Each structure stands twice: as C-alpha cells, then as structure tokens.
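This is what each chain is made of:
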Amino acid sequence: MAVNPEYANQLLADFQNEVEGIIRTNGLEHHMGTSNLAQIDTVKDNYISTVMNTFTLPTTSEGELKAEMNAAIMQIKSMARQQSRSEASTIAGIGSTVNKMSPADSGQWNAIISDAGHRIEKICTMYADQINNMPKALRARIDDDMAKVLDAINDAYNANPSPGNAQIVAMQVKNSLDKIEGDLAEASKALLKASIESMAHQKMTQLQEKEIALQSVEPGMTKGQITTYRNLAKEIKELILDLGKSNYLVYDKTIRGQKIAIIDQKLAILENLRVNAAGVASSLSGYFGSMGGTRRVRGTASINGIGTTIGMNTSQISAAPKNYRKGVPPGFAGFAGKMSKDDIAQKHAPGTAQSHIDAMHHYMSQGMSFNDAHNKANATGFTPQSHSKTFSLGGGAYPFR
C-alpha cells in the first residue's frame, strides 16, 4: 500500500536532521556544502530520491522506507567516522613519514570494511520490522554494537596493519556480525511464536463459546447430532493445540494460513448445527410450554365413576395446541417422513403417553408429517396424557408398540 505523504515528509526531515547530527558529531561540519562530503551527500541524495520516487507506489510500505533510512544512516555513520579518523590521522602525522595510510588505503583492509558494511546493511533490511518495534534503548544498543564492529577494524589496523592481522580481524568481524544476526533471528522467531500462541488461545475461546451454546440447545438435537458435534469439537480442539505447538508454522506463512482456515471451517459447521438446533429447541419449548401449568378441561358426567364415552378421552385441553413446526428449519432431519418410535419419543416431553407415540408412528408411516401426525393423534383421542389407552386400528387387537 502507498505511504502517507505526511509520513514520507516527516521521515525525510528526520533523516536529514540525523545526517547533520552525524556530521557535527564527527567534527566534519566545516566541510558542509563542500565536495569533501561528496560520499555522504551521495548516500543522502540517493535515499531522498528513493523515498520521493516510491512512496506513492502501492507496493511500498512505511516499514520498507524506515528500513532503507536505517541502512543509509548506518552507512553515513561509517563514512563519517572513517573520514574523521582519516583527518585526525593526517593532522597527527604531519611532519612524519610513519604510518600515513588508513585502512581504506589497503586493498585487504578496505575489503574487510566493505564486507562489514554490506553485511550490516543486509541485517538492517532483513530485520527492519523487529528493530523498529524495539524499545528505543534496545535499538540504540544494536546500533552501538554494529558501530563497534567498524571501529574495531580501524583500531586493529592502527595497531598492526599486516596482512596476517587482517585475516584475524576479518574472522572476528564475521563472528561479531553472526552473533548480532543470531540474536535478531531469535527475537523474530519468539515474536512469531507468541503471535501463533495468541491466535491459538483466541480459537480455543471461540470453540468454548460454541460448545456452551450447543449444550444449551441439545434438547433440539437427536442423539446422533449430539454425538457428531461433540466429536467435531474434540477434533477442533486437537487442531488448535497442534497449532500452538508446531514450530514449523513459524517459518511457513502458507501452511499457517491453511491450518487456521481449516479450524475456521469446522467452527462454522458447529455454528450451523447450533443455529438449526436452536430453532428446534425453540419450537419444542413453545409447544410443551403451552401444555404446562393448570389446564381447563371440559368434562362429561360419569356413571358410577365410569366415563360415558367408550374409547375416547373424557377430558380435552381447552386451548388449541401451538403449531409444533413453527420455527423449525426447513428440511430439518427427522421432522417429516418416517421416524422410529424412539425418535418420536425424543421429540416429546418425558412422561408422554405411549398410545400417543404409537398413533403418531402409525400416521407418519402413512406419509404424514410430524405436525400432521401429532394433530391427527390428538383428534382421535390419543393425546400425550392418554396413559390408560392403547392405540389400535378399528378397535381391533393390533397394538402399535
């Protein structure tokens, strides 16, 4: 994404202030505006041109421009120190013919300085995000460690400019920069691992929320559906735990994204189960809630305690039952077509009369929906409270059990 112009302008202002400070710190301010600072001015101008030419591009980010600035500042610091020491050495050596050279005047020592500068620039570019997010004191320490590497080269040359010493110093510089890069790599790895662990905690919290919600709507599920969602929740939990423990995910962004996508898909399945079950549970609650409490009944006179209507219940619920299917999702399994008696019983409150279940099973086997079979059973006298009755066809001895 393109960089905000205000940010780009502020970045350039900070950069130029930093460069001016470096020049003054190294005692080179008397060269400002002259060709004696041509190398430093070239690096400075190149960075300013880079910012102006790229900050509007969609692929340019603030972190990239900041990393480029850090690399340029490191290079300018190195140049300023080197030029300052060179001038100090020249002044100190006036009138002397001994040791008038600097490391830059030796091909072998100059190669060491050049290699160290390129390595430092590479490290700053590679770990720019981590360095920029560090506390100011830690950033200053890293900057000082890198500067000490370059200073050590100059000190070693002044102490012993021999080719043999140059080989020893080259190995010391490599080891020092390897340690700095290793520390930054470990910090980067720890940051990514902490990010993945945080993501795993978030996914585990989402899973727990889904499980709690599903437990509250279990009355709207069959035993098979309950088993299915519990097994799925267990599988998701194992995937989340694996996500938090997998070290290789730190290095592979693609695999990490695929793992998270699979977890999200399975969580979405749990949510669909919850939504469907919630609709069914709502319907069951509404229906059976209308049957609770005190009922008004219409009774007929009895003779010696015996009802006057043979084969029919002598009491009826005064209010018409609530529509059982209202709120049930379309096509929800087990609410149309043939069902076993156990399935039908699971959709009723505990204590429902067996004759009501038998009647509904008979009518549903003939093609009626759950709701129609329920109403038909009630209409023929086989209500959920008809415990003393046995359902049979035409008064014959064919019980449905």
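Structure's up top.
Residues numbered from 1 in each chain as written. Predicted model: local features only at pLDDT ≥ 70, side-chain atom pairs only at ≥ 80, totals over all residues. Heavy atoms only, no water.

J.: Please give an account of the overall build of the protein that cites residues and values.
T.: Looking only at helices and strands, the protein has 12 helices and zero strands in total. Evaluated residue by residue, the protein yields a buried proportion of 35% over its 401 residues. Across the protein, contacts joining residues at least 24 apart in sequence account for 70% of those joining residues at least 6 apart. Total accessible area on the protein is roughly 23000 Å²; 53% of this is exposed by carbon and sulfur atoms. (Helix = DSSP H or I, 4+ residues; strand = E, 2+ residues; numbered from the N terminus. Buried < 20%, exposed > 50% of the residue type's maximum accessible area, 1.4 Å probe, protein only. Contact = heavy atoms within 4.5 Å. Areas by Shrake-Rupley, 256 points an atom, 1.4 Å probe, with all protein chains shown as cover.)

J.: Please provide a residue-by-residue account of the side chain of Lys266, values included.
T.: Along the chain, the position of Lys266 falls in helix α9 (residues 253-289). Accessibility expressed as a relative area gives 18% for Lys266, which makes it buried. In this view, Lys266 contacts Leu232, Glu235, Ile236 and Leu239; residues no more than four positions away in its chain are not counted.

J.: So what's going on with the pattern of salt bridges? Which residues, and what values?
T.: Two side chains of opposite charge can pair, provided their charged atoms sit close to one another. Under the counting rule described, the total for this entry stands at 16 salt bridges. One salt bridge in this structure joins Lys179 and Asp183, with 3.2 Å as the shortest N-O distance. Placement of the pair is Lys179 and Asp183 together in helix α7 (residues 163-216), with a separation of four residues, close to one helical turn. Lys341 is the salt-bridge partner of Asp358, the closest N and O atoms lying 3.2 Å from each other. Of this pair, Asp358 sits in helix α11 (residues 354-365) while Lys341 sits in helix α10 (residues 341-346), and the two are 17 residues apart along the sequence. On the accessibility criterion, Asp358 (2% relative accessible area) is buried. Look at Lys341 and you get buried, because its relative accessible area is 16%. Linked through salt bridges whose partners overlap, the residues forming this network are Arg119, Lys174, Asp178 and Glu181. (Salt bridge = Lys/Arg side-chain N within 4 Å of Asp/Glu carboxyl O.)

J.: An account of the packing of α11 against helix α12 (residues 370-379) is needed here, citing residue identities and associated values.
T.: Each pair of packed helices can be described by the angle between their axes along with the distance between the axes. α12 packs onto α11 with a crossing angle of 130° between their chain directions and a minimal axis gap of 8 Å. The angle between α11 and α12 places the two elements in the oblique class. In this structure, the crossing between α11 and α12 has a hand that is right-handed. On α12, the residues that touch His356, Ala359, Met360, Tyr363 and Met364 of α11 are Phe370, Ala373, His374, Lys376, Ala377 and Asn378. Within the contact of α11 with α12, the residues separate by chemical class into seven nonpolar, three polar and one charged. (Axes fitted to C-alpha atoms, helices over the stretch in contact; angles between N-to-C directions. Parallel < 35°, antiparallel > 145°, perpendicular 65-115°, else oblique. Left-handed = near helix turned anticlockwise from the far one by under 90°. Nonpolar A, V, L, I, M, F, W, Y, C, P; charged D, E, K, R; others polar.)

J.: Explain the environment of Lys193 residue by residue, including any values.
T.: Assignment of secondary structure puts Lys193 in helix α7. Taking the relative accessible area as the measure of exposure, Lys193 reaches 24% and is therefore partly exposed. Spatially, the C-alpha atoms of Lys193 and Lys245 are 9.0 Å apart, while their sequence positions differ by 52 residues.

J.: So what about the packing of aromatic side chains? Which residues, and what values?
T.: Evaluation of the coordinates by the stated rule reveals two aromatic pairs. With 4.5 Å between their ring centres and 50° between their planes, Phe15 and Tyr47 make a pair best called tilted. Taken together, the residues span a long stretch of sequence, with Phe15 in helix α1 (residues 5-25) and Tyr47 in helix α2 (residues 38-54) at a distance of 32 residues. Relative to Tyr157, the ring of Trp109 has its centre 5.3 Å away and its plane inclined at 75°; by these criteria the two rings are edge-to-face. Note that Trp109 is positioned in helix α4 (residues 107-126) and Tyr157 in helix α6 (residues 136-159), a separation of 48 residues in sequence. With respect to burial, Trp109 and Tyr157 carry one shared label: buried. One residue, Lys389, lies across the ring of Phe382, its end atom 4.8 Å from the ring centre. (Phe/Tyr/Trp six-rings, centres within 6.5 Å; stacked < 30°, edge-to-face > 60°. Lys NZ or Arg CZ within 6 Å of the ring centre and 35° of its normal.)

J.: Give me the packing of α1 against α2: which residues, what numbers.
T.: For the pair α1 and α2, the least separation of the axes is 11 Å and the interaxial angle reads 175°. Here α2 runs roughly antiparallel to α1, going by the angle between their axes. Where α1 abuts α2, its residues Ala8, Leu11, Leu12, Phe15, Gln16, Val19 and Ile23 lie against Ile40, Lys44, Tyr47, Ile48, Val51 and Met52. Taken together, the residues of the contact of α1 with α2 sort by class into 11 nonpolar, one polar and one charged.

J.: Help me get a handle on the nonpolar core, residues and values and all.
T.: Membership of the largest hydrophobic core comes to 24 residues, with the highest contact counts inside it found for Trp109, Ile120, Met146, Ile153, Val173, Leu177 and Leu184. Breaking this core down by element, the ones donating at least two residues are α4, α6 and α7. Aside from chain neighbours lying at most four places away, what touches Ile120 is Met74, Met146, Leu150 and Leu177. Among the nonpolar cores identified, the runner-up in size contains 22 residues, and Phe15, Ile23, Leu37 and Leu65 belong to it. (Core = buried A, V, L, I, M, F, W, Y, C linked by side-chain atoms within 4.5 Å.)

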